[in-house]
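# Architecture and fold: a report
Here are the chains, one letter per residue:
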There are 2 protein chains.
Amino acid sequence: MPVGIIIGTHGESARELLKSAEMIIGKQENVEYITFVPGENTDTLIAKYKEKLNLIDSSQGVIFMVDLFGGSPYNASSTIALPEENMDVVTGVNIPMLLETLAMRSGANLSDLVDIAIRAGSEGVKSLKQTLPTTNENEGEDDL
Amino acid sequence: MPVGIIIGTHGESARELLKSAEMIIGKQENVEYITFVPGENTDTLIAKYKEKLNLIDSSQGVIFMVDLFGGSPYNASSTIALPEENMDVVTGVNIPMLLETLAMRSGANLSDLVDIAIRAGSEGVKSLKQTLPTTNENEGEDDL
């Protein structure tokens, strides 16, 4: 079984992010999510994460993918992951991060997969206009 | 009215990302979202985006925040934004991007806000273990 993933966000976006990713690359195994709704707190979230940990195979390690550095989903997962050598928390979860990490899980160890998640998540952020070829600037220049 | 924002993703995560952001920083104005469900295509999405454009004040510009470079929500919004000087598309939407962009909208122009979105979205991606102070490496060294 590949490295386990548990997505955790404010509100219910963790569930929908997983559904969006699975809409693109198909149903995934060893992935869970938790929601965080009004009235809950970090302790509630720790209990919810632990419940999900019981549902997955964590023998190859676990990555918690959360929305925001310093938020409750982050704090709760950090409390669990900090003392565990084969667990880590990655913030700023987005679809590029999810797709790349899910696609590269097979055979990858936790540390490499965390690097993959961070790279895919941050490099997946760009703008249409800034990625356009700047044809005007090159006008009149020879092709190189 | 600040720069308008329209979030668009595969599935229904756009709606939940906005709700998660509003759970943290409160209800926002001049922000809309579209979903993308099975059976729809890029043309459907263009129509849905245009419907949302009619609901917002676009006089200061519009940023489409989408999940994935090259996906249908990206392609549809790019078709609309490409010929418009005061519109752009930013990919890899996540909660750090949404929070920072929404917080900084007041008085910001489109170009600056796109830069803010990209920086917040990419810098919001990090890991718990990699951000820990590396105390062991500094053991025995004097404080500098």
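Residues numbered from 1 in each chain as written. Chains lettered and ligands numbered in written order. Predicted model: local features only at pLDDT ≥ 70, side-chain atom pairs only at ≥ 80, totals over all residues. Heavy atoms only, no water.

### Section: the sheet that holds strand 3 (residues 62-66) of chain A
All names here are of chain A. Strand order across the open sheet formed by 4 strands is 2-1-3-4, with parallel pairing between neighbours. Looking at the sheet topology across the chains shown, the edges are occupied by strand 2 (31-34) and strand 4 (87-90). Averaged over all pairs of adjacent strands, the angle between their axes in this sheet comes to 20°, without regard to strand direction. As defined by bridge partners, strand 1 (residues 4-8) adjoins strand 3 across 5 bridges and the pair is classed as parallel. For I6, the partnering residue across the bridge sits in strand 3 and is F64. Sitting on the sheet, helix 2 (residues 42-53) touches strand 1, strand 2, strand 3 and strand 4, and the angle it makes with strand 2 is about 165°. (Pairing = 2+ DSSP bridges. Helix = DSSP H or I, 4+ residues; strand = E, 2+ residues; numbered from the N terminus. Axes fitted to C-alpha atoms, helices over the stretch in contact; angles between N-to-C directions. Contact = heavy atoms within 4.5 Å.)

### Quick word on the environment of Y74(B)
Mapped onto the elements, Y74(B) comes out in helix 3 (residues 72-81). Along the chain, Y74(B) and V89(B) lie 15 residues apart, while their C-alpha atoms are 7.3 Å from each other. Here Y74(B) is in contact with L128(A), T131(A), V66(B), L68(B), F69(B), V89(B) and T91(B), once residues within four sequence places are set aside.

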